Amino acid sequence: MKNEMYFCPLYSGSSGNALFCQYGDTRLLIDAGKTGRCIGEALESIGVSPDTLSGILITHEHSDHIQGAGVMARRYHLPLYATQETWRAMTGKIGKVPGDLIRTVQSGKGFWLGEIGVEPFSIPHDAADPVGYRLWGGKLSVSTATDLGVFTQDVYDRISGSTLVLLESNHDPDMLRANPNYNALLKARILGDRGHLSNESCAGALLRLIAGGTRNLILGHLSGENNTPVLARRVSETAMLREGIRPGADVRLEVALRDETGEIFVLKETE
Ligand SMILES: [Zn+2]
Ligand SMILES: [Zn+2]
């Protein structure tokens, strides 16, 4: 339906990311960080045939965001959208992409992908030129911001007022510091300003987004070793309750899982 927007986290986490969005007849993916087969099956499971997609928006060149991008682009003849620096960095990692499927995006420069208005915005992360995306369908908008070391004022300005936000809730800092499988360098990288957002930072950002009018929130890109869905949810819920916001009543809060396709959010213009 024309005045409805659909959003579904197919996969989200450090083991692979692919997010689905639809408005009108335009269907697209943000990232394709699992195998093409995996993503194809996840799409079929929500009733979407992969060959009806209009394109794939890439956030950055880390493998958990591009693993199946080349395969899907070639198999279904889908244009791939990424910043110029991301293209440079991912060339060689996703196989050959035919020239007519290569699209370049730029932070701050909006464009139309079918009926969806797309706004890429820069995020602080240790990649060549990483971006998040705000997607517009009529007055509705969905924003995704994962893989960011800090929730900056600029990111807030770009996504404030979105109907739905999927925000990174990557790790519990204590679990990460105590993890014997991660060396000091890796820990510093994740905790750094160009790493990943902790549960606490995510919760603080969500409060700001709620104050700005957002009512649909998804926690995403959870670490498999340094977080759990229960813990991530608890940190955000506790922060909300402290402010008198009731999760489930005042706002909808979900956790996108690493290996399980999430529910479809149906957003309506009357909301
Ligand atoms: Zn990632
Ligand atoms: Zn990354």
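No experiment lies behind these values; they were computed from the predicted model shown. Every chain's residues receive numbers from 1 upward, in the order its sequence appears when written. Chain labels run from A onward and ligand labels from 1 onward, assigned in the order the entries are written. Local features are withheld for residues below a pLDDT of 70 in this predicted model, meaning they are given only at 70 or higher, and side-chain atom pairs are given and counted only at 80 or more; totals for whole chains, interfaces and linings count all residues. Side-chain calculation: all heavy atoms of the structure are included, whereas hydrogens and water are not.

### Let's talk about the pairing of strand β1 (residues 4-11)
So, step 1. Whether a residue is buried, partly exposed or exposed follows from its accessible area with a 1.4 Å probe, protein chains only, as a fraction of its type maximum: under 20%, in between, or over 50%, in that order. For the purposes of this entry, the term helix denotes a DSSP run of H or I that reaches at least four residues, the term strand denotes a run of E that reaches at least two, and both are numbered from the N terminus. In terms of residue burial, β1 counts as a mostly covered element, since 8 of its 8 residues are buried.
So, step 2. Whether two strands pair depends on DSSP finding at least two bridges between them. Examined bridge by bridge, β1 and strand β14 (residues 265-268) share 4 bridges and lie antiparallel to one another. Looking across to β14, one finds that Phe7 is bridged to Phe265.
So, step 3. As defined by bridge partners, β1 adjoins strand β2 (residues 18-23) across 6 bridges and the pair is classed as antiparallel. Note on β2: the bridge partner recorded for Cys8 is Phe20.

### A few points about the coordination of the zinc ion (ligand 2)
So, step 1. Donor atoms are limited to N, O and S found within 2.8 Å of the metal ion, a distance that becomes 3.2 Å for Na, K and Ca. With water left out, some sites might look partial. Protein-derived coordination of the zinc ion (ligand 2) comes from His60 (NE2), His62 (ND1), His125 (NE2) and Asp147 (OD), at a distance range of 2.2 to 2.5 Å.
So, step 2. Separation of the zinc ion (ligand 2) from the zinc ion (ligand 1) amounts to 3.5 Å, with Asp147 serving as a shared donor to the pair. Taken together, the residues His60 in the loop between β4 (55-57) and α2 (63-66) and His125 in the loop between β8 (116-122) and β9 (131-137) connect sequence positions 65 residues apart. Of the two residues, His60 and His125, neither departs from the other in class, the shared state being buried.

### Section: the packing of helix α1 (residues 36-45) against helix α3 (residues 69-76)
So, step 1. Here, axes are lines fitted to C-alpha atoms. For helices the fit covers the stretch in contact, and angles between N-to-C directions go from 0 to 180 degrees. The N-to-C vectors of α1 and α3 enclose an angle of 65°; their axes lie 8 Å apart at closest approach. For the pair α1 and α3, contact is made by Gly36, Arg37, Ile39 and Leu43 and by Val71, Met72 and Arg75, respectively.
So, step 2. Here the term charged refers only to Asp, Glu, Lys and Arg, the term nonpolar to Ala, Val, Leu, Ile, Met, Phe, Trp, Tyr, Cys and Pro, and the term polar to all other amino acids, Gly among them. The residue inventory of the contact of α1 with α3, partitioned by class, reads 4 nonpolar, 1 polar and 2 charged. Pairs of residues are marked as contacts when any of their non-hydrogen atoms sit within 4.5 Å.

### Describing the packing of aromatic side chains
So, step 1. Pairing of aromatic side chains here covers Phe, Tyr and the six-membered ring of Trp, requires ring centres within 6.5 Å, and sorts the geometry by plane angle: under 30 degrees stacked, over 60 edge-to-face, intermediate tilted. All told, the structure shown has 2 aromatic pairs when counted by the stated rule.
So, step 2. Relative to Phe111, the ring of Tyr81 has its centre 5.4 Å away and its plane inclined at 10°; by these criteria the two rings are stacked. With a gap of 30 residues between them, Tyr81 in strand β5 (residues 80-83) and Phe111 in strand β7 (residues 111-113) connect regions that are remote in the sequence.
So, step 3. Ring centres 6.4 Å apart and planes at 75° place the aromatic pair Phe151 and Tyr156 in the edge-to-face group. Here Phe151 matches Tyr156 in class, with each residue buried.
So, step 4. The ring centre of Tyr156 lies 4.4 Å from the NZ or CZ of Arg208, which sits over that ring. Consider the ring centre and the ring normal. A charge sits over the ring if Lys NZ or Arg CZ is within 6 Å of that centre and within 35 degrees of that normal.

### Overview of the pairing of strand β12 (residues 216-220)
So, step 1. Among the 5 residues of β12, 5 are classified as buried, and the element is accordingly described as predominantly covered.
So, step 2. As defined by bridge partners, strand β11 (residues 164-168) adjoins β12 across 5 bridges and the pair is classed as parallel. Its bridge partner lying in β12, Leu166 is registered against Ile218.
So, step 3. With strands facing away from the observer, any crossover in which the path from the first strand over the helix to the second runs clockwise is taken as right-handed. In this fold, β12 hands off to helix α9 (residues 229-242), which returns the chain to strand β13 (residues 252-255); that crossover is right-handed.

### Re the coordination of the zinc ion (ligand 1)
So, step 1. Every protein donor of the zinc ion (ligand 1) is accounted for by Asp64 (OD), His65 (NE2), Asp147 (OD) and His221 (NE2), and the metal-donor separations fall at 2.1 to 2.2 Å.
So, step 2. Here the zinc ion (ligand 1) is ringed by 4 donor atoms whose angles at the metal span 92 to 166°, and the overall shape comes out irregular.
So, step 3. Mapped onto the polypeptide sequence, the residues donating to the zinc ion (ligand 1) form the spacing pattern D-H-x81-D-x73-H.
So, step 4. Classification of Asp64 by relative accessible area gives buried; the value is 13%. Only four donors with every angle between 85 and 135 degrees are called tetrahedral; only four or six donors with opposite donors over 155 degrees apart and all others between 65 and 115 are called square planar or octahedral, in that order; all others are irregular.

### Some details on the packing of helix α8 (residues 199-211) against α9
So, step 1. In contact at an axis separation of 9 Å, α8 and α9 are set at 45° when each is read in the N-to-C sense. In terms of orientation, α8 and α9 fall into the oblique class. Between α8 and α9 lies a crossing whose hand is right-handed. Taken together, the residues of α9 that come into contact with α8 (itself represented by Asn199, Glu200, Cys202, Ala203, Leu206, Leu207 and Ile210) are Leu231, Ala232, Val235, Ser236, Ala239 and Met240.
So, step 2. The class makeup of the residues in the contact of α8 with α9 is 10 nonpolar, 2 polar and 1 charged. Here the angle decides the label: under 35 degrees means roughly parallel, over 145 means roughly antiparallel, 65 to 115 means roughly perpendicular, and every other value means oblique. Each helix crossing is assigned a hand: it is left-handed if the near helix lies turned anticlockwise from the far helix by less than a right angle, otherwise right-handed if that turn is clockwise.

### Here we look at the sheet that holds β7
So, step 1. With respect to topology, 7 strands assemble into an open sheet ordered β7-β8-β9-β10-β11-β12-β13, the strand pairing being mixed. Of all the strands in the sheet, just β7 and β13 have a single pairing partner and so form its edges. Averaged over all adjacent pairs, the angle separating strand axes in this sheet is 20°, with direction ignored.
So, step 2. α8 contacts β11, β12 and β13 of the sheet and is inclined by roughly 165° relative to β11.
So, step 3. Where α9 meets the sheet, its contacts fall on β12 and β13, and the angle it forms with β13 comes to roughly 160°.

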